[in-house]
Amino acid sequence: MKQIIAIYPGSFDPVTNGHLDLIHRGCKLFDRLVVAIACNPDKGDPLFELEERLEMLKAMTADLENVTVDAFEGLLMSYCIEKNANAVLRGIRAVSDYEFELQMALMNRKIEPRVETVFMMPAEKYSYLSSRIVREIAAFGGPLAGLVPELVEQHLRRRVAAKRSTTFVIPTK
Ligand code: PNS
């Protein structure tokens, strides 16, 4: 029988509990799931370097037999063909995600009709969670429990402290 190999692409800067929820759902559906970090220069400077994002994702998925973690540059569809993947997994949290996701899915289908995009919904409790919001809460020292795994929280606290020590503070007087 045909094996379904799916790619779950994203920036994962950093991986959140919402991403992990989707990975757990996805690995039950597909024969193999490749979590692929996009090296996307369009997105500006990430909070975490690629190596650290890979390290966190690998640690958080180590117990999932059919899940691997990788990184790619360039077009997602070229990467899918290189990996013999026949599906792309993306998460939809709310209606607001739909427009962008639809545009990407249809454009990807135009580029490579052999690859299908599959949407899954994370648990409702993660419907308002994003890496951007996590980075912002971390930057202001807010609570991260329940939003990211403890290991990611430790990386965030360290990264924010390191950034703070190198940031120039404008004097108020
Ligand atoms: O987690 P993100 O940042 O929402 O993920 C966006 C991502 C990485 C899936 C998207 O930017 C992507 O696929 N980038 C690779 C370049 C590409 O193929 N672009 C054309 C998409 S239609």
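We now turn to the structure provided with this report. All values derive from a computational prediction rather than experimental measurement.

### Concerning unusual backbone geometry
Then comes step 1: Put simply, aspartate 13 and proline 14 share a cis peptide bond, and its omega is 0 degrees.
Then comes step 2: Examined against the element boundaries, proline 14 turns out to sit in the loop between β1 (5-10) and α1 (17-29).
Then comes step 3: Even without being a glycine, phenylalanine 12 presents a positive backbone phi close to 50 degrees.
Then comes step 4: A relative accessible area of 2% means that phenylalanine 12 is categorised as buried.
Then comes step 5: Not every positive phi belongs to a glycine, and asparagine 84 is a case in point at roughly 60 degrees.
Then comes step 6: With respect to the secondary-structure elements, asparagine 84 resides in the loop between α3 (76-82) and β4 (87-91).

### Quick word on the site of the ligand
Then comes step 1: The local shell around the ligand holds 14 residues, among which Ser11, Asn40, Lys43, Leu76 and Arg90 are the closest.
Then comes step 2: With respect to the ligand, the side chain of serine 11 contributes an N or O atom lying 2.6 Å from an oxygen atom.
Then comes step 3: Separating an oxygen atom of the ligand from a side-chain N or O atom of arginine 90 is a distance of 3.1 Å.
Then comes step 4: For the ligand, the protein covers 78% of the area, taking 550 Å² as the surface of the free molecule.
Then comes step 5: Per-element accounting of the shell around the ligand gives the leading share, 3 residues, to helix α4 (residues 95-111).

### What about a nonpolar patch on the surface?
Then comes step 1: A cluster of nonpolar side chains, Val95, Tyr98, Leu102 and Leu106, forms an exposed patch at the surface whose accessible area comes to about 400 Å².
Then comes step 2: Tracing the backbone shows tyrosine 98 in helix α4.

### Observations regarding the nonpolar core
Then comes step 1: Tyr8, Ile23, Leu33, Val35, Leu57 and Leu156 are the most contacted members of the largest nonpolar core, which totals 34 residues.
Then comes step 2: Secondary structure elements with two or more residues in this core: β1, α1, β2 (32-39), α2 (50-61), β3 (67-73), β4, α5 (131-139) and α6 (150-166).
Then comes step 3: Considering each element in turn, this core owes the most residues, 4 residues, to α1.
Then comes step 4: If we skip the residues at most four places from it in the chain, leucine 57 touches Phe12, Val15, Ile23, Val35, Ile37 and Val69.
Then comes step 5: Membership of the second largest hydrophobic core comes to 13 residues, among which are Ala36, Leu76, Met77 and Ala85.

Parameters at a glance
Residues numbered from 1 in each chain as written. Predicted model: local features only at pLDDT ≥ 70, side-chain atom pairs only at ≥ 80, totals over all residues. Heavy atoms only, no water. Helix = DSSP H or I, 4+ residues; strand = E, 2+ residues; numbered from the N terminus. Buried < 20%, exposed > 50% of the residue type's maximum accessible area, 1.4 Å probe, protein only. Near = heavy atom within 4 Å. Polar contact = N/O pair within 3.5 Å; in protein donor to acceptor, adjacent residues only side chain to side chain. Areas by Shrake-Rupley, 256 points an atom, 1.4 Å probe, with all protein chains shown as cover. Patch = residues over 30% accessible without salt bridge, like charges linked within 9 Å, V, L, I, M, F, W, Y side chains within 5 Å. Salt bridge = Lys/Arg side-chain N within 4 Å of Asp/Glu carboxyl O. Core = buried A, V, L, I, M, F, W, Y, C linked by side-chain atoms within 4.5 Å. Contact = heavy atoms within 4.5 Å.

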